[in-house]
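Observations on the three-dimensional arrangement
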Amino acid sequence: MDTLKLGPNGGLIYCIEYLEKNIDWLQTQLCKFKDHYLLFDCPGQVELYTHHKSVKNIFAQLLKWDFRLAAVHLVDAHYCCDPSKFVSVLLTSLSTMLQVELPHVNVLSKVDLIQQYGKMAFNIDFYTDVLDVEYLLDRLQDDPFTAKFKQFNKALCGVVDDYSLVSFNTLNIQDRDSILRVLKVVDKANGYVFGDAEKRDLYSLMSSAVGAEFEYLKTADVRERYMDEDEESGEEVDVT
């Protein structure tokens, strides 16, 4: 950064572009880990995944090397407490999914802290399943700043609803069951559960493959542990 006179963002973009140009080095390093389950902890700079092509090209090369990839996008759960920020999160998630072109798992992390940032407009299922984003428009009208952009907000919400790709899993890093639930989803997304590297019984394989879990149960522990009764019984959304 000092040599090239780059800031933090420019420095990260330069590093990713440098890695893309020297992809042979990455291949050499990865060849040292045969039959391993690898985690790539990517930088949090959003433009690397929404419209910059280097990360996408690196992922494409990894696929050519027969790596089974899945992208896991972590988002702080407290954004659910602010309608405008949640819409921004949805757009970022959607843009990333379309850009990187990988099986994608979106995760609302730190759900155990969600109530510390205020009350949510709807119950947690609305945010995890992204039922109908236009229901947030009325909440956006409560803010004098966002109210000025009613038609623009409506168009943004319409984009998310039209694609109907974004949904979220919940995660509390302190809770073993929560971690295993997310891991199960990721293993299904990247195809690990269907592989033959380990012996698996047929029942476990099929249960994971079809996602044998009621939608209600996915967030039941979040409602029970981290949400007050008045918030848990908050506004219901009936989508037909």
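Residues numbered from 1 in each chain as written. Predicted model: local features only at pLDDT ≥ 70, side-chain atom pairs only at ≥ 80, totals over all residues. Heavy atoms only, no water.

Brief notes about a nonpolar patch on the surface
Selection criterion: Two joining distances apply to patches: 9 Å for like charges and 5 Å for nonpolar side chains (Val, Leu, Ile, Met, Phe, Trp, Tyr), and every residue must have over 30% relative accessible area and no salt bridge. We get accessible surface area from the Shrake-Rupley algorithm with a probe of 1.4 Å; when it comes to residues, only the shown protein chains can shield them. Any carboxyl oxygen of Asp or Glu within 4 Å of a side-chain nitrogen of Lys or Arg constitutes a salt bridge here. Helix and strand assignments come from DSSP, with helices taken as H or I runs of at least 4 residues and strands as E runs of at least 2, each series counted from the N terminus.
A contiguous nonpolar surface patch, about 400 Å² in accessible area, is contributed by Y37, L39, L180 and L183. By the secondary structure assignment, L39 is in the loop between α2 (23–30) and α3 (47–50).

Here's the deal with the packing of helix α1 (residues 8–21) against α2
Axes are the key here: two packed helices are described by the angle between their axes and the distance separating the axes. Quick reminder of the rule: Interaxial angle, 0 to 180 degrees, is taken between N-to-C directions of lines fitted to C-alpha atoms, where a helix line uses only the stretch in contact. Throughout this description, any angle smaller than 35 degrees is read as roughly parallel, any larger than 145 degrees as roughly antiparallel, any in the 65 to 115 degree range as roughly perpendicular, and the remainder as oblique. In this analysis, two residues are considered to be in contact whenever any of their non-hydrogen atoms come within 4.5 Å of each other. All residues other than Ala, Val, Leu, Ile, Met, Phe, Trp, Tyr, Cys, Pro, Asp, Glu, Lys and Arg, Gly among them, are scored as polar; the first ten of these are nonpolar and the last four charged.
The geometry of α1 relative to α2 is characterised by a closest axis approach of 4 Å and an angle of 75° between their N-to-C directions. By the criterion of interaxial angle, the relationship of α1 to α2 is roughly perpendicular. For the pair α1 and α2, the contacting residues are L19, E20 and K21 in the first and I23, W25 and L26 in the second. Among the residues making up the contact of α1 with α2, the classes are represented as 4 nonpolar, no polar and 2 charged.

Concerning the sheet that holds strand β2 (residues 104–109)
For clarity, the cut-off: Strands are treated as partners if at least two bridges between them are detected by DSSP.
Read across the sheet, 3 strands follow the order β1-β2-β3 without closing on themselves; strand pairing throughout is parallel. In this open sheet, the two strands that pair with only one neighbour each are β1 (71–76) and β3 (169–171). This sheet shows a mean twist of 35° between the axes of neighbouring strands, independent of strand direction. Pairing analysis gives 3 bridges linking β2 to β3, with the strands arranged parallel. Of the residues in β3, the one forming a bridge with L108 is T170. The sheet contacts of helix α10 (residues 176–190) involve β1, β2 and β3, and relative to β3 the element is tilted by about 140°.

Some thoughts on the pattern of salt bridges
Here is the rule: Relative accessibility decides the category of a residue: with a 1.4 Å probe and only protein chains considered, values under 20% of the type maximum give buried, values over 50% give exposed, and everything between is partly exposed.
For the structure shown, the criterion picks out 2 salt bridges. E101 is the partner of K56 in a salt bridge, and the nearest nitrogen-oxygen pair spans 3.7 Å. Pair noted here: K56 is in helix α4 (residues 54–64) and E101 is in the loop between α5 (83–100) and β2, with a separation of 45 residues, a long-range link. Residue classification places E101 among the exposed positions, given a relative accessible area of 54%.

Concerning the side chain of T96
Inspection of the secondary structure assignment puts T96 in helix α5. Using a relative accessible area of 8% as the deciding quantity, one classes T96 as buried.

Re the environment of L38
For L38, the position within the fold is in the loop between α2 and α3. L38 gets classed as partly exposed once you look at its relative accessible area, which sits at 28%. The contacts of L38, once residues within four sequence positions are left out, are L30, F33 and F67.

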